[in-house]
Amino acid sequence: MALGFLNPTPVDKSAITTMSVRAKVMIELGVIAVLTTVFLILFPKRNPLVDVGLAGFALVCIAFSARYTKRVVWAASPSPVVKDRIKKCLAVTLWMTVPTALLFLLIGGIVAYRNGGWPAVGSRILNWRILVAFGFYLPWALMQQTLLQFYLLGRLLVLFPTAFRFVPFLVTGACFGLVHLPDIWTALATVVAGVVWTLIYYRYRMLLPLAFSHAALGSAFYYGIFGQDLAVEWRSLLQ
């Protein structure tokens, strides 16, 4: 009769690999969470250009680890098979973006008309600088989508089993809101949009349409809801 120790139970190499990746992800995200918390506590109010610079530095780091992220991290959450993926992603993103952006501008137009008539409407929502703001907003939106979707979401999916798949979506959406603190109302609105963007990215794995959506909604939100001229504000920051 063969001895038990001569016939050990086969080792599940895939399970060991998954545990190893999960451990690395936990350490990595833990360090980032601590550093981010300390930074936000020390600098609750800061020049937006600081956030842009930090995001740019993070993108450089992500670029160096992009191969690992794609081949190891995202390999644990393979892309759903979707026919006509690009076409469907564009359609879903447009249906999410266009009506919402128009609603923001409509609300802004109503408020402006009550306060100053048609001239106020023109300066608030028919302002040509909205296009300028969108153009400058787009790279920033793409940076955020890359950091939170490609990098963060993939790692959160590794940490949580399929039964808790909703947790990575909620956490990623919440992180979109955290970027906009201490502006609580903008943060809350961005959390909702962030969750939707995350669901779209998980299904279609495309960043650029989400960046366009992000820039369009952000521009319409600030000009329509808040009546802020982003182009003028950003020009003053650069000066």
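Above this note sits the structure.
Residues numbered from 1 in each chain as written. Predicted model: local features only at pLDDT ≥ 70, side-chain atom pairs only at ≥ 80, totals over all residues. Heavy atoms only, no water.

1. Side note on the packing of aromatic side chains
How two aromatic rings sit relative to each other is set out by the distance from centre to centre and by the angle between their planes.
(1) Moving on: What the rule picks out here adds up to 12 aromatic pairs.
(2) Moving on: Taken together, a centroid distance of 5.4 Å and an interplanar angle of 65° make the contact between Phe-176 and Trp-197 edge-to-face. Of the two residues, Phe-176 sits in helix H6 (residues 166-178) while Trp-197 sits in helix H7 (residues 184-204), which places them 21 residues apart along the sequence.
(3) Moving on: When the ring of Phe-221 is compared with that of Tyr-222, the centres are 5.9 Å apart and the planes differ by 85°; the resulting orientation is edge-to-face. Side by side, Phe-221 and Tyr-222 carry an identical accessibility label, which is buried.
(4) Moving on: Note that Arg-205 overlies the ring of Tyr-202, its terminal NZ or CZ placed 5.1 Å from the centroid. (Phe/Tyr/Trp six-rings, centres within 6.5 Å; stacked < 30°, edge-to-face > 60°. Helix = DSSP H or I, 4+ residues; strand = E, 2+ residues; numbered from the N terminus. Buried < 20%, exposed > 50% of the residue type's maximum accessible area, 1.4 Å probe, protein only. Lys NZ or Arg CZ within 6 Å of the ring centre and 35° of its normal.)

2. A few points about the packing of helix H5 (residues 129-159) against H6
(1) Moving on: Contact pair H5 / H6: the axes reach a minimum separation of 10 Å and the direction vectors enclose 150°. Comparing their axes, H6 and H5 come out roughly antiparallel. In terms of crossing hand, the pair formed by H5 and H6 is right-handed. Residues Gln-144, Gln-145, Leu-148, Gln-149, Leu-152, Leu-153, Leu-156 and Leu-157 of H5 form the contact with H6, whose own contacting residues are Pro-168, Phe-169, Val-171, Thr-172, Cys-175 and Phe-176.
(2) Moving on: Partitioning the contact of H5 with H6 into residue classes produces 10 nonpolar, four polar and no charged. (Axes fitted to C-alpha atoms, helices over the stretch in contact; angles between N-to-C directions. Parallel < 35°, antiparallel > 145°, perpendicular 65-115°, else oblique. Left-handed = near helix turned anticlockwise from the far one by under 90°. Contact = heavy atoms within 4.5 Å. Nonpolar A, V, L, I, M, F, W, Y, C, P; charged D, E, K, R; others polar.)

3. So, helix H8 (residues 208-226)
(1) Moving on: Along its 19 residues, H8 runs 26 Å from first to last C-alpha, staying within 8% of the 27 Å computed at 1.5 Å per residue.
(2) Moving on: Among the 19 residues of H8, 14 are classified as buried, and the element is accordingly described as predominantly covered.
(3) Moving on: Phi turns positive one or two residues past the end of H8, at Gly-227, with a value near 70°. (Expected span 1.5 Å × (residues − 1).)

4. Some details on the nonpolar core
(1) Moving on: Counting 49 residues, the largest nonpolar core has Tyr-137, Leu-152, Trp-197 and Tyr-201 as its most contacted members.
(2) Moving on: Elements with a contribution of two residues or more to this core: helix H1 (13-42), helix H2 (48-64), helix H4 (85-125), H5, H6, H7, H8 and helix H9 (230-238).
(3) Moving on: The element best represented in this core is H5, accounting for 16 residues.
(4) Moving on: Those residues in contact with Tyr-137 that sit more than four places away from it in its chain are His-180, His-214, Ala-215, Gly-218, Ser-219, Tyr-222, Leu-230 and Trp-234. (Core = buried A, V, L, I, M, F, W, Y, C linked by side-chain atoms within 4.5 Å.)

5. Some details on the environment of Val-25
(1) Moving on: Tracing the chain through its elements places Val-25 in helix H1.
(2) Moving on: Sequence-wise, Val-25 and Leu-159 are 134 residues apart; in three dimensions their C-alpha atoms are separated by 7.5 Å.

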